[in-house]
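The residues making up each chain are set out below.
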2 protein chains.
Amino acid sequence: MSITDPQGFRAAGYAAGLKASNALDLAVVVNDGPQYVGAAVTTPNRFAAAPVYLTRDVAAGGRVRAVILNSGCANACTGERGRADAARMAELTAQSLEAEPSEVMVCSTGLIGSHLRMDLLATAIPEVCRQASDDGGDAAAQAIMTTDTVDKQAAREGAGGYRIGGMAKGAGMLNPAMATMLSVLTTDAVITPDLAREALAAAVGPTFNRMDSDGCQSTNDTVILLCSGASGVSAEPAEFTENLTALCADLVRQMLADAEGASHTIAVRVRGAASEAAAEAGARAVTSSNLVKAAIFGRDPNWGRILAALGTLDEETCPYDADSVTVAINGTVIFAAGAPSDSTPPDLSGHDVSIDIDLASGAAEATVFTNDLTHDYVEENSAYST
Amino acid sequence: MSITDPQGFRAAGYAAGLKASNALDLAVVVNDGPQYVGAAVTTPNRFAAAPVYLTRDVAAGGRVRAVILNSGCANACTGERGRADAARMAELTAQSLEAEPSEVMVCSTGLIGSHLRMDLLATAIPEVCRQASDDGGDAAAQAIMTTDTVDKQAAREGAGGYRIGGMAKGAGMLNPAMATMLSVLTTDAVITPDLAREALAAAVGPTFNRMDSDGCQSTNDTVILLCSGASGVSAEPAEFTENLTALCADLVRQMLADAEGASHTIAVRVRGAASEAAAEAGARAVTSSNLVKAAIFGRDPNWGRILAALGTLDEETCPYDADSVTVAINGTVIFAAGAPSDSTPPDLSGHDVSIDIDLASGAAEATVFTNDLTHDYVEENSAYST
């Protein structure tokens, strides 16, 4: 159940000393081929971190031999020195693996605005590369953790026997004290560069991109797909994409379950929308409402806040008639035809809460996941950097 | 220092029994003329409450004799019955004052989705109207409070001796457990309907509309201006607008100071912007970041979160070059030229925190105010309706 399940991959985790706790904080994932196909989806944030720019360039080159990842420092908003540090991480990795620096992606996660300890990485990167092995997936998954309480890993088999593996840390917007959601996915299927890009984009859309804890967007979020082709099995595009999406959904479930500071997982489903974009906008309006999230923490079915959140969207973004909207919480309709329903308030004592909104203006739908707003969220996020 | 300071106005506050605490919960503001000019700015929320629709219609009519306001129930998302209840409030008020229902504005604040106790209001509205007096401003200001700890009132004198008075409750988005920010402004200046509308819109823009606690938008927010003309002084448009803006700013300061659950007031100023809209969008991106707000609660100058928030805006909404942005906290520059500044971390122990962002892409600026995200915010907003 790890990134080293597929053939052709080695990995390792190492304690470089970037974390004060001396926990694992450096990971490498090596693709031994015979193919070196890679693709990446990165944050749209305009203050994207130095390693994000580097990884985009490597993705454009299309040939990826390895990914080097560190926790304990985001290397974001670090200027020229940060860009040089990210480039040096790729160089050190390439030297250790007898690859080109242009074939090495870099990911960092941790505090924004502090510089990497390159003195430590100069010895640690060769060492983690030396240790990379075909059972190193677990250690790599542990090394990218920040405030995660458990590592997140998954694996699946596809038609003809190819495999997909994956690891993830954080939950980007779910547990944003970490500043970042990182994920590396591996497969030994024979995949073209185009299919790798398209399948990754298709898989990320309804999974990683539909988690939203607090509307905050990381400077470092990155999802990478590496393809070794070592199984010799040519994957059928639709089947591979479906399989990859299911694997991402599995990782997302693990992130939702581990979102620290949260006592509820909230699924906001908007259906009857004029378009998928309208449905997603409607769902995000609700998942980004502190008032809705605080009410659910308090097990208080204060549904007026759901409508107030939905009401902030303009007609163009999300067409609906306010008198035709129906809202249900945990299956109980609490608002319909412009007025409160005469129903027993839904029980919010369970961990999972569903908010179901029917806009009655079309056939599209989307579901966005979030967590409640809790004292632990405030505590964790008010005392992170110092 | 109240809405009854200007000549030609009477007001009262009354305990109708809408609040379980038996505190004052019903207010009336009566304009005795000789002019009955009125204007209103209301929430753009698409689930606007029944009284908001009624008040807009009265504003369109242009002649306003009175405003009836209740706390304890928002009368929002209440359907046909809610609209009938709001209309009945106007009727009862009009009957008591020998006015037309079409001359009475209505405001409600409290929980969304519950119905008004019209049985109580049927006797309470005639009584509060009977009690209206020229020293009733204080009681009216108290009667519109929800979770406010103090009433908010202000008054000013204008050129030639006309007066402006004002009261406000809540803080809309500052203390959103209330669901609403309401304000009634009065003046005895001689004002044309056009000037009333224009001056109110101009005054609300940089004051009430620049407070943002959690990005949540109320279904009931309303600001009303009533003009009696009783001083006989014709106000000069620019001077009146400036004076009214200053009065609104005074009320905003009182709301910021009373934002329950907050331990810091945060002023986010964005300058060097390509347009005022870009500056405001930049400032709102920061004021709506839970991560920024939680960090300031923790007195943690975790400035990377400010940049991450700013980075979420697209180029069209807010043009800037990431490497040219400068950020200062409490006067200390902490980020410039794409990299951290080598400065002593700013002290965040005081109540007021300033975040100053220079986008270096123009000459426009805007300041948006917010509060920090605290345990008290979560507590208050997780246990409101039940």
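*Asks:* So what exactly am I meant to see when it comes to the interface of chain A and chain B here?
*Replies:* A common way to state how big an interface is: give the accessible area lost once the parts meet. With 59 residues of chain A at the contact, the number on the chain B side is 59 residues. In this assembly, chain A packs against chain B so that about 4400 Å² is buried in total across both faces, 57% of it on carbon and sulfur atoms. Applying the counting rule to chain A against chain B returns two salt bridges. For the pair chain A and chain B, the number of links is 17 residue pairs in polar contact (both at pLDDT 80 or more). The set of elements that each furnish at least two residues to the side of chain A that touches chain B consists of α2 (79–97), α8 (290–297), α9 (304–310), β13 (339–340) and α10 (375–382) of chain A. The element contributing the most residues to the side of chain A that touches chain B is α10(A), with six residues. A class-by-class count of the residues in the side of chain A that touches chain B yields 29 nonpolar, 21 polar and nine charged.

*Asks:* Would you explain the relation of the copies chain A and chain B in this entry?
*Replies:* The operation linking the two copies of the chain is a rotation about an axis combined with a translation along the axis. For the match of chain A to chain B, the screw axis carries a shift of 0.0 Å, the RMSD comes to 0.0 Å, and the turn is 180°. Considering both components of the superposition, the chain copies are consistent with a two-fold axis. No C-alpha of chain A approaches the rotation axis more nearly than that of H375(A), which lies at 2.8 Å. Both copies present the same face, since 100% of the interface residues in chain A are matched by interface residues at the equivalent positions in chain B.

*Asks:* Looking at this structure, how should I read the packing of aromatic side chains?
*Replies:* Two numbers describe a pair of aromatic rings. These are the distance of the centres and the angle of the planes. All names here are of chain A. Using the criterion set out here, one finds eight aromatic pairs over all chains in the structure. Their ring planes at 35° and their centres at 5.5 Å tell us that W303 and F335 sit as a pair that is tilted. Taken together, the residues W303 in the loop between α8 and α9 and F335 in strand β12 (residues 332–336) connect sequence positions 32 residues apart. Summarising the burial analysis for this pair, W303 and F335 share the class buried.

*Asks:* Just checking my understanding: could you explain empty space enclosed by the protein for this structure?
*Replies:* All names here are of chain B. Enumeration according to the criterion identifies four cavities of 30 Å³ or more in this entry. Size it by volume and the second largest cavity reaches roughly 70 Å³. What lines the second largest cavity is V292, A295, I296, D300, P301, N302, W303, I306, I329, L348, V353 and I355. The set of elements that each furnish at least two residues to the lining of the second largest cavity consists of α8 (290–297) and β14 (352–358). With three residues, α8 is the single largest residue contributor to the lining of the second largest cavity. For the lining of the second largest cavity, the residue count by class is 10 nonpolar, one polar and one charged.

*Asks:* For this particular structure, what's the right way to read the sheet that holds strand β12 (residues 332–336) of chain B?
*Replies:* Either a parallel or an antiparallel arrangement is found when strands of a sheet pair, and the pairing is made through backbone hydrogen bonds. All names here are of chain B. Taken together, six strands build an open sheet; the order of strands is β13-β12-β11-β14-β10-β15 and the sheet is mixed. Because the sheet does not close on itself, it has two edges, and the strands there are β13 (339–340) and β15 (364–371). As judged from the four bridges shared by strand β11 (residues 326–329) and β14, these two strands associate in the antiparallel manner. Pairing of I329 across the sheet is with I355, part of β14.

*Asks:* What's the story with helix α2 (residues 79–97) of chain B in this structure? I'm lost.
*Replies:* With 19 residues, α2(B) should cover 27 Å at 1.5 Å per step; its first-to-last C-alpha distance of 28 Å lies within 8% of that length. E98(B) lies just past α2(B) and shows a positive phi near 55°.

*Asks:* Got a minute to help me understand the sheet that holds strand β3 (residues 37–42) of chain B in this structure?
*Replies:* Residue and element names in this part refer to chain B. The strand order across the open sheet built from five strands is β3-β9-β8-β7-β6, with neighbouring strands paired in mixed fashion. Sheet topology places β3 and β6 (152–157) at the edges, where each strand pairs with a single neighbour. Sheet twist, expressed as the average angle between the axes of neighbouring strands with direction ignored, equals 10°. In this fold helix α1 (residues 50–61) packs onto β3 and β9 (222–227), with an angle of close to 140° to the strand it touches most, β3. Contacting β6, β7 (163–170), β8 (181–187) and β9, helix α6 (residues 237–257) runs over the sheet at an angle of about 155° to β6.

*Asks:* Explanation requested: the pairing of strand β10 (residues 265–273) of chain B in the structure shown.
*Replies:* When a strand is regular, its side chains alternate between the sheet's two faces. All names here are of chain B. Counting buried residues in β10 gives seven out of nine residues, a clear majority hidden from the surface. In the sheet, β10 pairs with β14 via seven bridges, with the strands oriented parallel. If you follow I266 over to β14, its bridge partner there is V353. Pairing of β10 with β15 involves seven bridges; the strand directions are antiparallel. In the sheet register, V268 faces β15, and the bridge partner there is V368.

Conventions used here
Residues numbered from 1 in each chain as written. Chains lettered and ligands numbered in written order. Predicted model: local features only at pLDDT ≥ 70, side-chain atom pairs only at ≥ 80, totals over all residues. Heavy atoms only, no water. Contact = heavy atoms within 4.5 Å. Buried area = accessible area lost by both parts, 1.4 Å probe. Salt bridge = Lys/Arg side-chain N within 4 Å of Asp/Glu carboxyl O. Polar contact = N/O pair within 3.5 Å; in protein donor to acceptor, adjacent residues only side chain to side chain. Helix = DSSP H or I, 4+ residues; strand = E, 2+ residues; numbered from the N terminus. Nonpolar A, V, L, I, M, F, W, Y, C, P; charged D, E, K, R; others polar. Least-squares fit on C-alpha atoms with pLDDT ≥ 70 in both. Phe/Tyr/Trp six-rings, centres within 6.5 Å; stacked < 30°, edge-to-face > 60°. Buried < 20%, exposed > 50% of the residue type's maximum accessible area, 1.4 Å probe, protein only. 1 Å grid on protein atoms, 1.4 Å probe; cavity = no way out; pocket = protein on both sides within 12 Å on 5 of 7 lines; lining within 4 Å. Points joined across faces, edges and corners; volume = space filled by probe spheres on them. Pairing = 2+ DSSP bridges. Expected span 1.5 Å × (residues − 1). Axes fitted to C-alpha atoms, helices over the stretch in contact; angles between N-to-C directions.

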